[in-house]
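Here is how the chains run, residue by residue.
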Amino acid sequence: MKTIIEPFRIKSVEPIRFTTREEREKILTDAGFNSFLIHADDVLIDLLTDSGTSAMSAKQWAGIMEGDESYAGSRSFYRFESIVKSITGHEFIIPTHQGRAAEKILFSIVGGEGKFIPNNTHFDTTRANVEFSGAEAVDLLCDVGKKPEVRADFKGNMNVDKLEDFIKKTRRENIPLVMMTITNNSGGGQPVSMQNIKDVKSVCDKYELPFFMDACRFAENAYFIKLREPGYSEKSIPEICREMFSYTDGATMSAKKDALVNIGGFLSINNDDLATKCRNLLIVTEGFPTYGGLAGRDLEAVAQGLEEVMDEHYLEYRIRSTAYLGEKMLVNGIPIIEPPGGHAIYIDAKRFLPHIPQNLFPGQSIVCELYLQGGIRAVEIGSVMFGKYDKKTGEPISPDMELVRLAIPRRVYTQSHIDYVAEVLIDVYKNRNNLRGYKFTYEAPMLRHFTARFEQL
Ligand code: F0G
């Protein structure tokens with residue numbers, strides 16, 4: 001087989017800035033050893049997130065000029081609505097400025113005290129919006145999804161038995177809807193199988209519960225189904241996407257991922273009454289229903305991006321290039337969540353730095369070292385992001401996994417950028433015994449990872 005190449009050529013470039021090790025030491029110290037507080041200009045390769053960081057195509061930029069900025073009834077809205085309907089099959093399409101705005105609207109209406117929302121794994125903004133409404137967010141990931149070193153095809157699947165038990169125990173009237181995140185970002189960018197989507201749908205039907213999808217990375221999920229699930233290899237990506245959504249009653253979407261744009265999102269719904277309530281709230285918080293917090297040009301770019309993302313050459317390159325980085329790491333003994341996910345590689349920091357206990361933030365230590373050695377920006381997803389304190393004793397409580405995410409922006413970096421990232425990672429791994437832990441010098445009461453400051457021990 002020949003090398004899978006980038007299915008595009010480059011028409012416009014953006015220089016990246018090289019810094020010296022000495023400069024990076026000062027930059028990192030000034031940033032309190034927090035990668036969120038580093039200026040982007042001081043980063044050489046930015047793997048902080050795949051969200052809003054895609055390179056747009058010539059056609060998307062052309063769409064930006066074509067955008068219809070009419071307040072009401074914009075042509076760009078109708079193009080956007082038509083493509084979203086054709087993918088999701090949902091009837092009512094509500095544009096929002098990004099994914100969490102769709103979540104905020106949905107859960108403001110269906111959430112509230114005494115309610116529970118099951119999901120395979122809630123992404124942090126989804127959890128925050130569920131909890132902000134007073135409801136409880138419940139994760140029911142399959143067991144294999146919690147084992148970083150075990151390879152399985154669909155580690156994002158929901159545990160369907162646990163879902164049914166949960167519904168029986170909690171009673172259906174306390175569960176406004178069941179949610180499923182594809183791919184499962186917080187669990188390593190792992191896909192969900194069509195069979196699992198169908199099984200969750202049957203449980204939802206049995207208890208007459210609506211089923212919603214957090215669809216940020218729907219095309220990547222569809223490509224994994226095509227590659228791995230029996231019966232789908234001959235199906236086209238649009239067919240697989242339509243089938244996935246056909247089992248659902250609605251979706252929230254951050255267009256900043258699989259719509260290949262820098263801003264945008266939507267909420268899509270089949271239920272007329274719920275859609276009317278969501279639209280009314282949208283008018284108060286986002287904008288008129290035919291733009292919902294976006295400019296007409298943004299809607300054009302989303303519409304175009306949604307068509308491009310389902311191209312099989314694109315998806316082959318996308319999934320292959322993420323796996324390529326993962327394989328280079330595995331060959332060199334670097335522990336990661338296996339197999340590589342769709343949008344990111346997740347380093348298992350517990351196994352990478354067994355000498356640093358969880359309360360001294362091994363993930364943060366890797367993040368800092370990657371920046372110091374190579375100007376690479378990653379993000380900790382472990383005790384810094386999800387750690388809590390015991391309410392009685394004040395002792396720190398750590399999450400199950402200590403991860404460092406290397407998220408790959410779409411269509412941005414070439415194979416040699418990724419080779420460079422792997423080389424730096426290998427050096428950091430060789431030097432791992434010299435890495436040290438960190439402690440907070442400042443932490444905010446909520447979402448502390450964004451603003452925290454640290455010192456090295
Ligand atoms: N759901 C999932 C699964 C996500 O990954 C994100 C964002 C959102 C919802 C919220 O969308 O950012 O448009 O409001 N994930 C980004 C990340 C921030 O870096 O993984 P948003």
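Chains are numbered independently. Their residues run from 1 in the order of the written sequence. Whole-chain, interface and lining totals are the exception, using all residues; otherwise, since this is a predicted model, local features are given only for residues with pLDDT of at least 70 and side-chain atom pairs are given and counted only at 80 or more. Side-chain descriptors were evaluated using all non-hydrogen atoms of the structure, hydrogens and water having been removed beforehand.

### What to know about a nonpolar patch on the surface
Patch building starts from residues that exceed 30% relative accessible area and form no salt bridge, then joins like charges within 9 Å and nonpolar side chains (Val, Leu, Ile, Met, Phe, Trp, Tyr) within 5 Å. All accessible areas in this document rest on Shrake-Rupley with a 1.4 Å probe, and a residue is counted as covered only by the protein chains that are shown. Definition used for salt bridges: Asp or Glu carboxyl oxygen within 4 Å of a side-chain nitrogen of Lys or Arg. Residues M446, L447 and F450 make up a contiguous nonpolar surface patch of roughly 330 Å² in combined accessible area. A run of DSSP states H or I qualifies as a helix once it reaches four residues; a run of E qualifies as a strand once it reaches two. Both are numbered from the N-terminal end. One can find F450 in the loop between β15 (438–442) and β16 (453–456).

### Quick notes on the packing of aromatic side chains
Pairing of aromatic side chains here covers Phe, Tyr and the six-membered ring of Trp, requires ring centres within 6.5 Å, and sorts the geometry by plane angle: under 30 degrees stacked, over 60 edge-to-face, intermediate tilted. Evaluated as defined, the whole model comprises 16 aromatic pairs. Between F8 and Y317, the ring centres sit 5.5 Å apart and the planes meet at 85 degrees, which makes this aromatic pair edge-to-face. Within this pair, whereas F8 is found in the segment before α1 (21–30), its partner Y317 is found in helix α12 (residues 312–331), the two being separated by 309 residues in sequence. With a centroid separation of 5.9 Å and an interplanar angle of 75 degrees, the aromatic rings of F361 and F454 are classed as edge-to-face. Placement of F361 in the loop between α13 (349–352) and α14 (362–374) and of F454 in strand β16 is noted, with a sequence separation of 93 residues between them.

### Digging into the sheet that holds strand β9 (residues 344–348)
Overall, antiparallel pairing links the three strands, which are arranged β9-β14-β11 in an open sheet. Every other strand in the sheet has two partners, leaving β9 and β11 (379–381) as the edge strands with one partner each. Between one strand axis and the next, the sheet turns by 35 degrees as a mean value, whatever way the strands run. Any two strands between which DSSP finds at least two bridges are classified as paired. Sheet topology note: the β11/strand β14 (residues 403–407) ladder contains three bridges and is antiparallel. When the bridges of β14 are listed, I381 appears paired with L403. In the packing of α12 onto the sheet, contacts are made with β9 and β14, and the angle to β9 comes to roughly 25 degrees. For helices, the fitted line uses only the C-alpha atoms of the stretch in contact; every axis is such a line through C-alpha atoms, and the angle between N-to-C directions lies from 0 to 180 degrees. The contact rule is simple, with two residues in contact once any of their heavy atoms fall within 4.5 Å.

### Side note on the sheet that holds strand β2 (residues 92–96)
The strand order across the open sheet formed by five strands is β2-β8-β7-β6-β5, and the pairing between neighbours is mixed. Where the open sheet ends on each side, the last strands, each with one partner, are β2 and β5 (178–181). Averaged over neighbouring strand pairs, the angle between their axes works out to 15 degrees when direction is ignored. Summarising the sheet, β2 and strand β8 (residues 265–269) pair through five bridges and their orientation is antiparallel. Within β8, the residue paired with P95 across the bridge is F266. Helix α10 (residues 272–285) rests against β2, β6 (211–214) and β8 of the sheet, and its axis sits at about 20 degrees to β2.

### Here's the deal with the site of the ligand
In the vicinity of the ligand lie 17 residues, with T49, R100, S254, K257 and R405 positioned nearest. Two N or O atoms count as a polar contact when they lie within 3.5 Å, although within protein this holds only if one can serve as hydrogen donor and the other as acceptor, and sequence-adjacent residues are included solely when both atoms are side-chain atoms. Taking Q98, its side chain carries an N or O atom lying 2.9 Å from an oxygen atom of the ligand. Note that an oxygen atom of the ligand is positioned 2.9 Å from one of the side-chain N or O atoms of R217. For the ligand, the protein covers 94% of the area, taking 470 Å² as the surface of the free molecule. Residue contributions to the shell around the ligand peak at three residues, all from helix α4 (residues 99–110). Classification used: nonpolar for Ala, Val, Leu, Ile, Met, Phe, Trp, Tyr, Cys and Pro, charged for Asp, Glu, Lys and Arg, polar for all others including Gly. By residue class, the composition of the shell around the ligand is two nonpolar, eight polar and seven charged. Whether a residue is near a molecule or strand is decided by its heavy atoms; if any one of them lies within 4 Å of it, the residue is near.

### Some remarks on the pairing of β9
The side chains of a regular strand alternate, first on one face of the sheet and then on the other. When accessible area is computed with a 1.4 Å probe and restricted to protein chains, residues below 20% of their type maximum are described as buried, those above 50% as exposed, and intermediate ones as partly exposed. Judged by how many residues are buried, β9 sits mostly within the fold: five of five residues are covered. Alternating positions in β9 separate into two faces, A344, Y346 and D348 on one and I345 and I347 on the other, with burial throughout.

### Re the nonpolar core
Taken as a class, soluble globular proteins show a tendency for nonpolar side chains to be buried jointly. The definition of a nonpolar core used throughout is a set of buried Ala, Val, Leu, Ile, Met, Phe, Trp, Tyr and Cys residues joined through side-chain atoms within 4.5 Å. In this structure, V178, M180, V200, M213, F218, M244 and L306 are the most contacted members of the largest nonpolar core, which totals 63 residues. Either an automatic procedure or a domain database provided the assignment from which the domain bounds are taken. Both of domain 1 (21–50 + 311–456) and domain 2 (58–308) provide at least three residues apiece to this core. Counting residues in hydrophobic clusters, the runner-up holds 32 residues, among them L325, V367, A422 and V428.

### Let's talk about the packing of helix α7 (residues 194–206) against helix α9 (residues 237–246)
At a closest axis distance of 9 Å, the pairing of α7 and α9 adopts a crossing angle of 20 degrees. For the element pair α7 / α9, the angle class is roughly parallel. At the point where α7 passes α9, the crossing takes the left-handed sense. Contacts from M194, I197 and K198 in α7 reach I240, E243 and M244 in α9. For the contact of α7 with α9, the residue count by class is four nonpolar, no polar and two charged. Angular relationships are summarised with four words: roughly parallel below 35 degrees, roughly antiparallel beyond 145, roughly perpendicular across 65 to 115, and oblique for the angles in between. The hand of a helix crossing depends on one turn: near helix anticlockwise from the far one by less than a right angle means left-handed, and clockwise means right-handed.

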